[in-house]
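Chain by chain, the residues:
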Amino acid sequence: AQSVTQLGSHVSVSEGALVLLRCNYSSSVPPYLFWYVQYPNQGLQLLLKYTTGATLVKGINGFEAEFKKSETSFHLTKPSAHMSDAAEYFCAVSDRGGNAGKSTFGDGTTLTVKP
Amino acid sequence: DAGITQSPRHKVTETGTPVTLRCHQTENHRYMYWYRQDPGHGLRLIHYSYGVKDTDKGEVSDGYSVSRSKTEDFLLTLESATSSQTSVYFCAISDLVQGGDYGYTFGSGTRLTVV
């Protein structure tokens, strides 16, 4: 079964600083990879996804993530944090082929942005 | 522009009573999912559907049942609610395409409290 590990349940950065949220997965075959963002009292919103092709993927709100097969990682970054980036972020994976798109989610990382 | 709605948004119910949560989509997506979100556990899959009347269990399906009689509606029933089922429930939809999984669109969630 797939598993996803998000290192650090809470990350705090200053406004304008680099954001780095870590995600590692366990799978012998590279899965589909996703990052979602959740603002308070809302549902999750897809930030970006890796399915195939270029390993550096760009998403909404200036976020990007790089798929590194050798490290089984899909870390999320943003060069300069904004106050509006404060939210909870979830990494998710799904198997390639035949699993009805079921995703396994990490436990989430809460990002705090300090002024 | 919500293509997926959940009802009710909030519910308080008593232990031992049956509860039904509704997910309605207007996107004509084939796949629908129910997840529960609990602090420190991320999102866990309860049940999912891959077509009308086609459903299957997720990792935390005990005490829950689902039905999908129409493409647009996916119902989650707690047969006899327990306090451990106090949670936030999210419905998600997906339309897997050839060669890729493009992620989920989530509803806004139902906050269920069992007293």
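Above this text you will find the structure in question.
Residues numbered from 1 in each chain as written. Chains lettered and ligands numbered in written order. Predicted model: local features only at pLDDT ≥ 70, side-chain atom pairs only at ≥ 80, totals over all residues. Heavy atoms only, no water.

Colleague: I tried to follow the pattern of salt bridges on my own but got confused; where do I start?
Modeller: Two side chains of opposite charge can pair, provided their charged atoms sit close to one another. Residue and element names in this part refer to chain B. Going through the model one piece at a time under the given rule, you end up with 6 salt bridges over all chains. A salt bridge links Arg 44 to Asp 38; its shortest N-O distance comes to 2.9 Å. Note on Asp 38: relative accessible area 11%, which makes it buried. Of the charged contacts in the structure, one is a salt bridge between Lys 70 and Asp 73, with a shortest N-O distance of 3.3 Å. On the accessibility criterion, Asp 73 (8% relative accessible area) is buried. It is possible to trace a salt-bridge network through shared partners that takes in Arg 22, Lys 70 and Asp 73. (Salt bridge = Lys/Arg side-chain N within 4 Å of Asp/Glu carboxyl O. Buried < 20%, exposed > 50% of the residue type's maximum accessible area, 1.4 Å probe, protein only.)

Colleague: I would appreciate a short explanation of the layout of surface pockets in the present structure.
Modeller: Regions of empty space are outlined by a rolling probe, equal in size to a water molecule, passed over the atoms. By volume, the largest pocket is sized at about 440 Å³. For the lining of the largest pocket, the elements supplying multiple residues, two or more each, are β10 (87–94) of chain A together with β4 (31–38), β9 (87–94) and β11 (110–114) of chain B. Per-class residue counts for the lining of the largest pocket are 8 nonpolar, 11 polar and 5 charged. (1 Å grid on protein atoms, 1.4 Å probe; cavity = no way out; pocket = protein on both sides within 12 Å on 5 of 7 lines; lining within 4 Å. Points joined across faces, edges and corners; volume = space filled by probe spheres on them. Helix = DSSP H or I, 4+ residues; strand = E, 2+ residues; numbered from the N terminus. Nonpolar A, V, L, I, M, F, W, Y, C, P; charged D, E, K, R; others polar.)

Colleague: Honestly, unusual backbone geometry in this entry has me stumped. Any pointers?
Modeller: Negative phi values dominate among residues other than glycine, just as trans dominates among peptide bonds. Looking along the chain, the bond that leaves Ser 7 of chain B and enters Pro 8 of chain B is cis, with omega of -10°. Secondary-structure assignment places Pro 8 of chain B in the loop between β1 (4–7) and β2 (10–13). Unusually for a residue other than glycine, Asn 41 of chain A sits at a positive phi of about 60°. Following the sequence through the fold, Asn 41 of chain A ends up in the loop between β5 (32–38) and β6 (44–50).

Colleague: It is not clear to me how the sheet that holds strand β3 (residues 19–25) of chain B should be interpreted in this structure. Could you clarify?
Modeller: Residues and elements named next belong to chain B. An order of β1-β3-β8-β7 is seen for the 4 strands of this open sheet, with the pairing classed as antiparallel. If you trace the sheet from one side to the other, it starts and ends with β1 and β7 (64–70), each paired once. Pairs of neighbouring strands in the sheet enclose a mean axial angle of 20°, with direction left out of account. Pairing analysis gives 5 bridges linking β7 to strand β8 (residues 73–78), with the strands arranged antiparallel. Counted as the bridge partner of Lys 70 is Asp 73 from β8. (Pairing = 2+ DSSP bridges. Axes fitted to C-alpha atoms, helices over the stretch in contact; angles between N-to-C directions.)

Colleague: When you look at the packing of aromatic side chains in this model, what are you seeing that I'm missing?
Modeller: Any aromatic ring pair is given by two values, namely how distant the centres are and how the planes are angled relative to each other. The final tally for this structure, using the stated rule, is 17 aromatic pairs over all chains. Ring plane angle 25° and centroid distance 6.5 Å describe the contact between Tyr 33 of chain B and Tyr 48 of chain B, whose orientation is recorded as stacked. On the criterion of sequence distance, the pair formed by Tyr 33 of chain B in strand β4 and Tyr 48 of chain B in strand β5 (residues 42–51) is long-range, its members being 15 residues apart. Neither Tyr 33 of chain B nor Tyr 48 of chain B differs from the other in exposure class; each is buried. A centroid spacing of 6.5 Å and a plane angle of 35° characterise the contact between Trp 34 of chain B and Phe 74 of chain B, whose relative ring orientation is tilted. Here the residue Trp 34 of chain B occupies a position in strand β4, and Phe 74 of chain B occupies one in strand β8, the gap between them amounting to 40 residues. Owing to a relative accessible area of 0%, Trp 34 of chain B belongs among the buried residues under this scheme. Every member of this aromatic cluster is reached through a ring pair, and the members are Phe 34, Tyr 36 and Phe 105 of chain A together with Tyr 33, Tyr 35, Tyr 48, Tyr 50, Phe 90, Tyr 104 and Phe 106 of chain B. (Phe/Tyr/Trp six-rings, centres within 6.5 Å; stacked < 30°, edge-to-face > 60°.)

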